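Structural description and commentary
The chain contents come next:
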Amino acid sequence: SQAGLLNKVTLALLGVVTVAASQLTDLGLVASVGGATFGTALVFVYPVIMFLKSQTKRTKETLPAATIGVLGVAMGAIGTVLSLRGAEL
């Protein structure tokens, strides 16, 4: 069932987060990776998703909005890679 799958996914994510939290000692790394991923998602990606979902048909704003969303994902990925590259793992 769908509820059983959701419980399994939740338990798996909780396990991964718990293992990661027990191994991480550099909170600066957590802040920089979180800022890179969630910051760009909040500023670029989520507004584009909301805008595109609210449209009933394609307009002249559709392509620029989608382009901004794709660039936001790319910037988030680049920021995450740079954050991890600068970390002492």
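Residues numbered from 1 in each chain as written. Predicted model: local features only at pLDDT ≥ 70, side-chain atom pairs only at ≥ 80, totals over all residues. Heavy atoms only, no water.

Focus: helix H1 (residues 2–23)
Compared with an ideal rise of 1.5 Å per residue, which puts 22 residues at 32 Å, H1 spans 32 Å between its outermost C-alpha atoms and is within 8% of the ideal. Of all 22 residues in H1, zero are buried, a share of ten percent or less. (Helix = DSSP H or I, 4+ residues; strand = E, 2+ residues; numbered from the N terminus. Expected span 1.5 Å × (residues − 1). Buried < 20%, exposed > 50% of the residue type's maximum accessible area, 1.4 Å probe, protein only.)

A closer look at a nonpolar patch on the surface
On the surface, Leu-42, Val-43, Tyr-46, Ile-49 and Met-50 cluster together into a nonpolar patch covering about 540 Å² of accessible area. In this fold, Ile-49 is placed in helix H2 (residues 27–54). (Patch = residues over 30% accessible without salt bridge, like charges linked within 9 Å, V, L, I, M, F, W, Y side chains within 5 Å. Areas by Shrake-Rupley, 256 points an atom, 1.4 Å probe, with all protein chains shown as cover. Salt bridge = Lys/Arg side-chain N within 4 Å of Asp/Glu carboxyl O.)

Re the environment of Ala-41
Within the fold, Ala-41 resides in helix H2. According to the relative accessible area criterion, Ala-41 is buried, its value standing at 12%. As a C-alpha pair, Ala-41 and Gly-69 span 28 residues in sequence and 8.7 Å in three-dimensional space. If we ignore the near neighbours within four places in the chain, the residues touching Ala-41 are Tyr-46 and Pro-47. (Contact = heavy atoms within 4.5 Å.)

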